[in-house]
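Coordinate inspection notes
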Amino acid sequence: MIGSRIAAVGHYQPARVLTNEELAGLVDTSDAWITSRVGIRTRHIAGPDEPVDELAAHAAAKALAAAGRTPADIDLVVVATSTAIDRSPNMAARVAARLGIPGPAALDVNVVCAGFTHALATADHAVRAGAAHRALVVGADKMSDVTDWTDRTTCVLVGDGAGAAVVEAAEEAGIGPVLWGSVPEMGHAVRIEGTPPRFAQEGQSVYRWATTRLPSIARQACEKAGLAPEELAGVVLHQANLRIIEPLAAKLGAVNAVVARDVTDSGNTSAASVPLAFSKLVERGELSSGDPVLLFGFGGNLSYAGQVVRCP
């Protein structure tokens, strides 16, 4: 085996849907204000009895079923999250226990909104190195746990959910080389800090960075995969804000690609946003097996990671 591929994907969102109109009853905002500034109409919010590992396990179980695999087939579990309340057991071990995966390597990755694409690269590297044969990669966050619901600048943005992928060894590489990095001196621009932890950001700084610096980085991820942007069938960017997604996609030049806009229905789900949006495109048949798709996460730390994958 010389590479790895995504065998299947899956996603999960809590049943409760929070609308802009409901938020207008909590803080000084309106549907028009929210949609004009961030493009979000609704978001899903988990209840107090729905922890992050439950969201993650639901998405992971769907990915396993779609791949035709059982928990016993998995030997590596990587979970990307920044909203784990407890330090140990880590989220990956909790997910493995929920699913009954016997004896996997289990590790968490905290790169906030770029977490899933970092986790996917980690699994790809492990499989290609022979350290694992089949991995379960999950992005899951319960942003409602770290949100100040009296702060209209942040509470209108967030949602809860999870997305997952089964990654396995393959004769031909279906996951392209990752391009990743960060701007650590600007890490203060997106934060989850304090006791209790609360999400905060410097919105204008993030917007300028994402719309001016990231298009060229996303193009470089395509170059590493040996593809021009116009050859992409799909583009799945971190679902932060429609006002970031649309100009970034336009500047990338992926003129023939389906661009994920799940942020309108799900809000910003942090590490869950890329796999959640990707899984929905696959489920709806908007992408076909073998299609080249750019997955690109960015945000907290100001970190980023992107790779071109072949659609399962």
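Preceding this section is the structure that the text describes.
Report on the accompanying structure.

Turning next to the overall build of the chain. Helix and strand content of the chain: eleven helices and 14 strands. The C-alpha radius of gyration of the chain comes to 18 Å, within 12% of the 20 Å expected for a compact globule of 312 residues. With the principal axes as the frame, the chain shows a C-alpha extent of 55 × 45 × 40 Å. Of the contacts formed within the chain by residues at least 6 apart in sequence, a portion of 76% connects residues at least 24 apart. Summed over its atoms, the accessible surface of the chain is roughly 12,000 Å², and 49% of this surface lies on carbon and sulfur atoms. Here the chain holds 26 positive side-chain charges and 33 negative ones, and the gap between their average locations is 3 Å.

An α-helix turns once per 3.6 residues; consequently, residues spaced three or four apart project the same way. Taken as a whole, helix H4 (residues 91-99) has its buried residues at Met91, Ala92, Val95, Ala96 and Leu99. Projection of H4 onto a plane perpendicular to its axis shows the buried side chains occupying an angular sector of 135 degrees, all on one side. In the stretch just after H4, Gly100 is the one whose phi turns positive, near 75 degrees.

Here we take up the sheet that holds strand S4 (residues 76-80). Across a sheet, strands are paired by hydrogen bonds formed along the backbone, either parallel or antiparallel in direction. The strand order S1-S7-S6-S4-S5 describes an open sheet built from five strands, whose pairing is mixed. At either margin of the open sheet sits one strand with a lone partner, and together these are strand S1 (3-12) and strand S5 (105-109). Taken pair by pair, the neighbouring strands of this sheet meet at an average axis angle of 20 degrees, ignoring direction. Alignment of S4 against strand S6 (residues 134-142), held across five bridges, turns out to be parallel. Paired with Ala80 across the two strands is Gly139, which belongs to S6.

Looking now at the packing of aromatic side chains. According to the stated counting rule, one finds two aromatic pairs in the structure shown. For the ring pair Phe296 and Phe298, a centre distance of 6.1 Å and an interplane angle of 40 degrees mean the geometry is tilted. The same class applies to Phe296 and to Phe298, which are both buried. These aromatic residues form a ring-pair network of at least three members: Trp209, Phe296 and Phe298. Of note, Arg152 hangs over the ring of Trp33, and the distance from its end group to the ring centre comes to 4.5 Å. When the ring centre of Tyr207 is taken as reference, the NZ or CZ atom of Arg243 above it lies at 5.2 Å.

A few words on the nonpolar core. In terms of nonpolar packing, the biggest core is built from 47 residues, with Leu214, Leu232, Leu294, Phe296 and Phe298 touching the most fellow members. At the level of elements, helix H7 (203-212), helix H8 (214-224), strand S11 (234-237), helix H9 (242-252), strand S13 (292-299) and strand S14 (303-310) are the ones that each hand at least two residues to this core. It is H9 that provides the largest number of residues to this core, a total of six residues. Not counting the four nearest positions on each side in its chain, Leu214 is found in contact with Trp209, Leu248, Phe296, Phe298 and Tyr304. Of all hydrophobic cores here, the second largest spans 34 residues; its members include Val9, Ala114, Ile175 and Val274.

Taken together, the five strands give an open sheet; going across it, the order is S8-S14-S13-S11-S12, and neighbouring strands pair in mixed fashion. At either margin of the open sheet sits one strand with a lone partner, and together these are strand S8 (179-182) and strand S12 (258-259). Summarising the sheet, S8 and S14 pair through four bridges and their orientation is antiparallel. Looking at the pairing, Ser182 lines up with Ser303 of S14. Here helix H5 (residues 115-128) sits on the sheet and contacts S8, S13 and S14; the angle it forms with S14, its principal contact strand, is near 55 degrees.

Taken together, the buried positions of H7 are Ser205, Val206, Trp209, Ala210 and Thr211. Close packing links the buried residues of H7 with strand S9 (190-193), strand S10 (198-201), H8, H9, S13 and S14.

Here strand S7 (residues 160-170) lies mainly inside the structure; eleven of its eleven residues are buried. The pairing of S1 with S7 spans nine bridges and is antiparallel. By the bridge assignment, Arg5 is partnered in S7 with Glu168. Here S6 pairs with S7 via nine bridges, running antiparallel. In the strand pairing of S7, Val138 is matched with Ala164.

Following both chains from N to C, one finds H8 and H9 inclined at 50 degrees, their axes separated by 9 Å at the closest point. By the criterion of interaxial angle, the relationship of H8 to H9 is oblique. Here H8 and H9 pass one another in a crossing that is right-handed. Residues Leu214, Pro215, Ala218, Arg219 and Cys222 of H8 touch H9, and the partners they reach there are Leu248, Lys251 and Leu252. When the residues that make up the contact of H8 with H9 are grouped by side-chain class, the tally is six nonpolar, no polar and two charged.

Criteria and cut-off values
- Numbering of residues starts from 1 in every chain and runs along the sequence as written.
- Reporting in this predicted model follows two pLDDT cut-offs: at least 70 for local features of residues, and 80 or more for side-chain atom pairs to be given and counted; totals over whole chains, interfaces and linings ignore these cut-offs and use all residues.
- Water and hydrogen atoms play no part in the side-chain values, which are based on all heavy atoms of the structure.
- Numbering of helices and strands starts at the N terminus; helices are DSSP runs of H or I of at least 4 residues and strands are runs of E of at least 2.
- Radius of gyration means the value over C-alpha atoms here, while the globule rule gives 2.2 Å times the residue count to the 0.38 power.
- The contact criterion used is simple: two residues touch if any of their non-hydrogen atoms lie within 4.5 Å.
- In this description, accessible areas are obtained by the Shrake-Rupley approach with a 1.4 Å probe, and a residue is regarded as covered only by the protein chains that are shown.
- Counted as positive: Lys and Arg. Counted as negative: Asp and Glu, with His and the chain ends omitted from the count.
- The location of each charge is read from NZ of Lys, CZ of Arg, CG of Asp or CD of Glu.
- Partly exposed residues are those whose accessible area sits between 20% and 50% of the maximum for their type, while under 20% is buried and over 50% is exposed, using a 1.4 Å probe and protein chains only.
- Summarising the geometry, the arc corresponds to the directions from the helix axis toward the C-beta atoms.
- At least two DSSP bridges between two strands are required for those strands to pair.
- An axis is simply a line fitted to the C-alpha atoms; with a helix, the fit covers only the stretch in contact. Between two such axes, the angle follows the N-to-C directions and lies from 0 to 180 degrees.
- Here a Phe, Tyr or Trp ring, Trp counted by its six-membered ring, pairs with any other such ring whose centre lies within 6.5 Å, and the pair is stacked when the planes are under 30 degrees apart, edge-to-face when over 60, and tilted otherwise.
- Two limits define a charge over a ring: the Lys NZ or Arg CZ must be within 6 Å of the ring centre, and within 35 degrees of the ring normal.
- In plain words, nonpolar cores are sets of buried Ala, Val, Leu, Ile, Met, Phe, Trp, Tyr and Cys residues tied together by side-chain atoms within 4.5 Å.
- In what follows, roughly perpendicular refers to angles from 65 to 115 degrees, roughly parallel to angles under 35, roughly antiparallel to angles over 145, and oblique to any angle outside these ranges.
- Each helix crossing is assigned a hand: it is left-handed if the near helix lies turned anticlockwise from the far helix by less than a right angle, otherwise right-handed if that turn is clockwise.
- Classification used: nonpolar for Ala, Val, Leu, Ile, Met, Phe, Trp, Tyr, Cys and Pro, charged for Asp, Glu, Lys and Arg, polar for all others including Gly.

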